[in-house]
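Listed below, chain by chain, are the residues.
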Amino acid sequence: MPIRHFLELSDLTSDEVRELIARGIQLKAQRNQNETGSLMKNKTAVLIFEKSSTRTRVSFEAGINQLGGSAIFMTSSDSQLSRGEPIEDTARVLSRMVDLIIMRTGSHENLVRMAEHASIPVVNALSDFNHPCQQLADIQTFTEHRGDLRGHKVAWIGDGNNVCHSWMNAAKLLDFELVVATPEEFEPDADLLAHCGDHVTLTRHPTDAAQNSSLVVTDTWTGMGQETEKAERENAFSGFCVDQTLMSLANKDALFMHCLPAYRGYEVTSEVIDGPQSVVWDEAENRLHAQKALMEFLLLQTDSPE
Ligand code: CP
Ligand code: NVA
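The following paragraphs examine the structure supplied in this document. Being a predicted model, the structure only gives us computed values, none of them experimental. All residue numbers refer to position in the chain's written sequence, counted from 1. A letter from A marks each chain and a number from 1 marks each ligand, given out in the order of writing. A pLDDT threshold of at least 70 governs which residues receive local features in this predicted model, and a stricter bar of 80 or more applies before side-chain atom pairs are shown or counted, although totals over entire chains, interfaces and linings include all residues. Only hydrogens and water are set aside; all other atoms, that is, all heavy atoms of the structure, feed into the side-chain values.

## Notes on the nonpolar core
To define a nonpolar core, start from buried Ala, Val, Leu, Ile, Met, Phe, Trp, Tyr and Cys residues and group those joined through side-chain atoms within 4.5 Å. Categorising residues by exposure relies on relative accessible area from a 1.4 Å probe, with only protein chains included: less than 20% of the type maximum marks a residue as buried, more than 50% marks it as exposed, and the intermediate range marks it as partly exposed. Among the nonpolar cores identified, the biggest contains 51 residues, and F6, I102, V123, L136, W167, F176 and L178 are the most heavily contacted of them. A155, V216, F240 and V268 belong to the second largest nonpolar core, which has 24 residues in total.

## Concerning the site of ligand 1
In this text, near means that some heavy atom of the residue lies within 4 Å of the molecule or strand in question. Every residue lining ligand 1 is accounted for by S53, T54, R55, T56, R104, H131, Q134, C259, L260 and R287. Whenever a nitrogen or oxygen atom comes within 3.5 Å of another N or O atom, the pair is scored as a polar contact, on the condition that within protein one atom can donate a hydrogen and the other can accept it, and that pairs from neighbouring residues in sequence are kept only if both atoms are in side chains. Within the contact set of ligand 1, an oxygen atom lies 2.6 Å away from a side-chain nitrogen or oxygen of T56. Here a nitrogen atom of ligand 1 sits 2.9 Å away from a polar atom, N or O, in the main chain of L260. Here the shell around ligand 1 is built from residues that sort into two nonpolar, five polar and three charged. Here the term charged refers only to Asp, Glu, Lys and Arg, the term nonpolar to Ala, Val, Leu, Ile, Met, Phe, Trp, Tyr, Cys and Pro, and the term polar to all other amino acids, Gly among them.

## Re the site of ligand 2
The environment of ligand 2 is made up of L126, N161, N162, D219, T220, G223, M224 and L260. Note that a nitrogen atom of ligand 2 is positioned 3.3 Å from one of the side-chain N or O atoms of N161. Between an oxygen atom of ligand 2 and a main-chain N or O atom of M224, the distance comes to 2.7 Å. Computed with a 1.4 Å probe, the accessible areas rest on the Shrake-Rupley method; for each residue, only the protein chains presented here act as cover. For ligand 2, the accessible surface in isolation is 270 Å², of which the surrounding protein chains cover 92%. For the shell around ligand 2, the class distribution of residues is three nonpolar, four polar and one charged.

## Comments concerning the sheet that holds strand β1 (residues 44-49)
Being paired, for any two strands, means DSSP has found at least two bridges between them. Going along the chain from the N terminus, every DSSP run of H or I of four or more residues is numbered as a helix, and every run of E of two or more is numbered as a strand. A sheet is described by the order of its strands in space; here four strands give the open sequence β2-β1-β3-β4, paired in parallel fashion. Each edge of the open sheet carries a strand with a single partner, namely β2 (70-75) and β4 (122-124). Strand after strand, the sheet turns through a mean of 20° between neighbouring axes, direction not considered. As paired elements, β1 and strand β3 (residues 100-104) share five bridges and run parallel to each other. Bridge pairing in β3 links A45 to L100. Contacts from helix α2 (residues 55-66) reach β1, β2, β3 and β4 within the one sheet, and its direction differs from that of β1 by about 175°. Residue contacts are counted whenever heavy atoms from the two residues lie within 4.5 Å of one another. Fitted lines through C-alpha atoms serve as axes, helices being fitted only where they are in contact, and the angles separating the N-to-C directions of these axes extend from 0 to 180 degrees. Against the sheet, helix α4 (residues 108-117) makes contact with β1, β3 and β4, and its axis sits at roughly 165° relative to β4, the strand it touches most.

## Quick look at the state of the cysteines
What counts as a disulfide here is a pair of cysteine sulfur atoms lying within 2.5 Å. Summed over the entire model, instances satisfying the criterion amount to zero disulfides. Among the cysteines around C241, which has no disulfide bond, C259 carries the closest sulfur, lying 16 Å off. There is no disulfide at C259, and the cysteine sulfur nearest it, in C164, is 11 Å away. The exposure class of C259 is buried, given its relative accessible area of 9%.

## A word on the sheet that holds strand β5 (residues 153-157)
Note: strands within a sheet are paired through backbone hydrogen bonds, in either parallel or antiparallel orientation. Spatially, the five strands line up as an open sheet ordered β7-β6-β5-β8-β9, and their pairing is parallel. Across the chains shown, the open sheet's two edge strands, defined by having one partner strand only, are β7 (200-203) and β9 (255-258). Shown here is a sheet whose adjacent strand axes are inclined to one another by a mean of 20°, direction ignored. Across the sheet, helix α5 (residues 132-146) touches β8 (215-218) and β9, and the angle it forms with β9 is around 165°.

## Describing the packing of helix α1 (residues 14-32) against α5
Between α1 and α5, the shortest axis-to-axis distance is 10 Å and the interhelical angle comes to 75°. Judged by the inter-axis angle, α1 sits roughly perpendicular to α5. Along its contact with α1, which presents V17, L20, I21, G24, I25 and K28, the element α5 presents L136, I139, Q140, T143 and E144. Residue classes in the contact of α1 with α5 are distributed as six nonpolar, three polar and two charged. Geometric relationships in this document are graded by angle, where less than 35 degrees denotes roughly parallel, more than 145 denotes roughly antiparallel, 65 to 115 denotes roughly perpendicular, and other angles denote oblique.

## Looking at helix α12 (residues 280-303)
Owing to its 3.6 residues per turn, the α-helix aligns residues three or four sequence positions apart on the same side. For α12, spanning 24 residues, the distance from its first C-alpha to its last is 35 Å, which sits close to the expected 34 Å at 1.5 Å a residue. We define the bend at each residue as the angle formed by axes fitted to the 7 residues ending at it and the 7 residues starting at it. The largest bend along α12 reaches roughly 35° and is located at N286. When you tally the buried positions in α12, you get 17 out of 24 residues, the bulk of the element. The length a helix should cover is 1.5 Å for every residue beyond the first.

Okay, structure coming up:
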């Protein structure tokens, strides 16, 4: 069996995504019954994080624990990567010691190089290009509340960033409509947009995106590593705050999502994120369950005979 990596959502087929979400829902129910697993008994995962994290780190470490495995967390400065050891050599060495590499990096290219030289699965825990683990949790959350995403309209309001890119991949894979509202200079990647075809359209008007949508999604205007652009970005995104007026254009039962961390009063008002349409805490919790399903999938695929 070739090694299965998870660098972007489209590393899975749509059937695999749906199966994995169903498994995440099942694992959530099992955890609520205090049932534990042993799939990762005697298995170890290394987490290499170049950037800060609360949800991703904790959900992976807790999930690995709950599956009976152990996790080793390193920032890139803890490792020899910070002293110039090539990613390719790191990938080869880790592959001889552990069972899974989970990496958060500012350069998607680093993940690709890690995956190309690892003989164990590599998981993208966020890159500058996308955030597929977040996407799994978001799909699980929508599924739990409203069923399959197929045929729905989803509004992305704000920066055409890494999380937006994962929503674009999801639209193509799961066959729903995504309308992305961004200022001109913050559009998502043009090649990805072309790849997603008629599932994704762009607009400059948040109201057009929100109109008749089943879900409104946003994210911070200033991602990790963009702190020096904060003032310029706040200026460019004025008019893109998700407030109750914008939510009222969406369907009556529309949900609101945000991957967190959120900045109230900027990309979203307190009224919306802390209001009845918001499912952000379910999204955060589902990182745990969806990623357990993902690790199980990748490890079982890797263990199965040719
Ligand atoms: N949503 C998310 O990835 O959060 P963290 O940066 O806290 O991991
Ligand atoms: N777009 C944000 C997501 C944080 C989880 C960032 O990259 O910082």
